[in-house]
Amino acid sequence: MKCTDVMQELSDYLEGSLDAREKQELCEHLKKCHKCQVIVDTTQKTIELYCDGERFPLPNPVRERLHDMLRTKCQNEPV
Amino acid sequence: MSDNPQASVAKDEYALVTEAKAGSYAAFEELVSRYEKKIYRLGMNITGNPEDAEEVLQETFLKAFQHLPDFREDSRFYTWIVRIAVNEGLMKLRKRRSDKSVPLEDYVDEEGAVMPREVADWRPNPEEQLAQAELEGILNNAARSLPPTFRTVFFLRDVEGLSTQETAELLNLTVSAVKARLFRARLHLRDELAKTFKRGDN
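Everything numeric in this text was worked out from a predicted model, so none of it was measured.

Asker: Hey, could you run me through the packing of aromatic side chains in this one?
Answerer: Aromatic ring pairs are described here by two measures, namely the spacing of the ring centres and the angle between the planes. Residue and element names in this part refer to chain B. Inspection of the entire model under this criterion finds 12 aromatic pairs over all chains. Here Y35 and Y78 contribute two aromatic rings whose centre-to-centre distance is 5.2 Å and whose plane-to-plane angle is 25°, an arrangement assigned as stacked. Taken as a pair, Y35 in helix α2 (residues 25–47) and Y78 in helix α4 (residues 77–96) lie far apart in primary sequence, 43 residues in all. Taking the centre distance of 5.4 Å and the plane angle of 65° together, the rings of W122 and F197 count as edge-to-face. Separated by 75 residues along the polypeptide, W122 in the loop between α4 and α5 (132–144) and F197 in helix α8 (residues 175–197) bring together distant segments of the chain. No difference in accessibility class separates W122 from F197, as the two residues are buried. In this structure an aromatic cluster arises from ring pairing among Y35, F71, F77, Y78 and W80. R181 extends its terminal NZ or CZ atom over the ring of F150, reaching a point 5.2 Å from the ring centre.

Here it is in structure tokens:
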């Protein structure tokens, strides 16, 4: 496996959708290739940082304004 | 298995949608409460602006209510409202002309193979060395530099956990176009974050 093959399979690897043989080949390559290992690790880290559940919590006043607006506009209207 | 939590959540949602369609405002409000946090976060991620995100949130649920009779239960209620939210969010960006995206690197080397240029390792747990606000600024600027549809694909797939198929249907893209955009979006964000996070670059 070459570095460019790793890039081809990176998305499937991150999603865990490689089959056992492909995964093993990729892992073998990563053990020997620091550059690819760094790319895989830092891409994974990138996704993790954006997945942090604390990002953009819904502020209470925004939630209240939403429910007030919906109650005013929808509550007495037939769907 | 009768106590599969996912099955009971799905059934519950189906029941709520049915009740809401039959005119129960309480059922509709329950659906709103269930998804409002996710829709607000998606609005923030697409528009990058709290006022726009609040408008996206309000318009999404108002439209959902108004179009509830058109909702057919062949998709999840959640993906149906996500579609509304994405359209609202992208429309806001067009209206504001607030697009800060930059042309994406194509990452193709001289032999035509895809390979990122930036391969320096990052410091371990770089986020722990930054104040929360500073980290947010870095993440947001990187996300803003992605063209809107690439950004949307990234957040739908990697943050909101929609499938490739659902994302494709929602954005009227092919499955392979979604995969290609997700790949390029991830590499672009990684390169942007590397500017701050790579080793020996304090």
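Asker: Would you mind showing me how to read the side chain of E36 of chain B here?
Answerer: As for its placement among the helices and strands, E36 of chain B is situated in helix α2. In this structure, E36 of chain B is in contact with L58, R63, L66 and H67 of chain A together with L57 and F61 of chain B, ignoring residues within four places of it in sequence.

Criteria and thresholds
Residues numbered from 1 in each chain as written. Chains lettered and ligands numbered in written order. Predicted model: local features only at pLDDT ≥ 70, side-chain atom pairs only at ≥ 80, totals over all residues. Heavy atoms only, no water. Phe/Tyr/Trp six-rings, centres within 6.5 Å; stacked < 30°, edge-to-face > 60°. Helix = DSSP H or I, 4+ residues; strand = E, 2+ residues; numbered from the N terminus. Buried < 20%, exposed > 50% of the residue type's maximum accessible area, 1.4 Å probe, protein only. Lys NZ or Arg CZ within 6 Å of the ring centre and 35° of its normal. Contact = heavy atoms within 4.5 Å.

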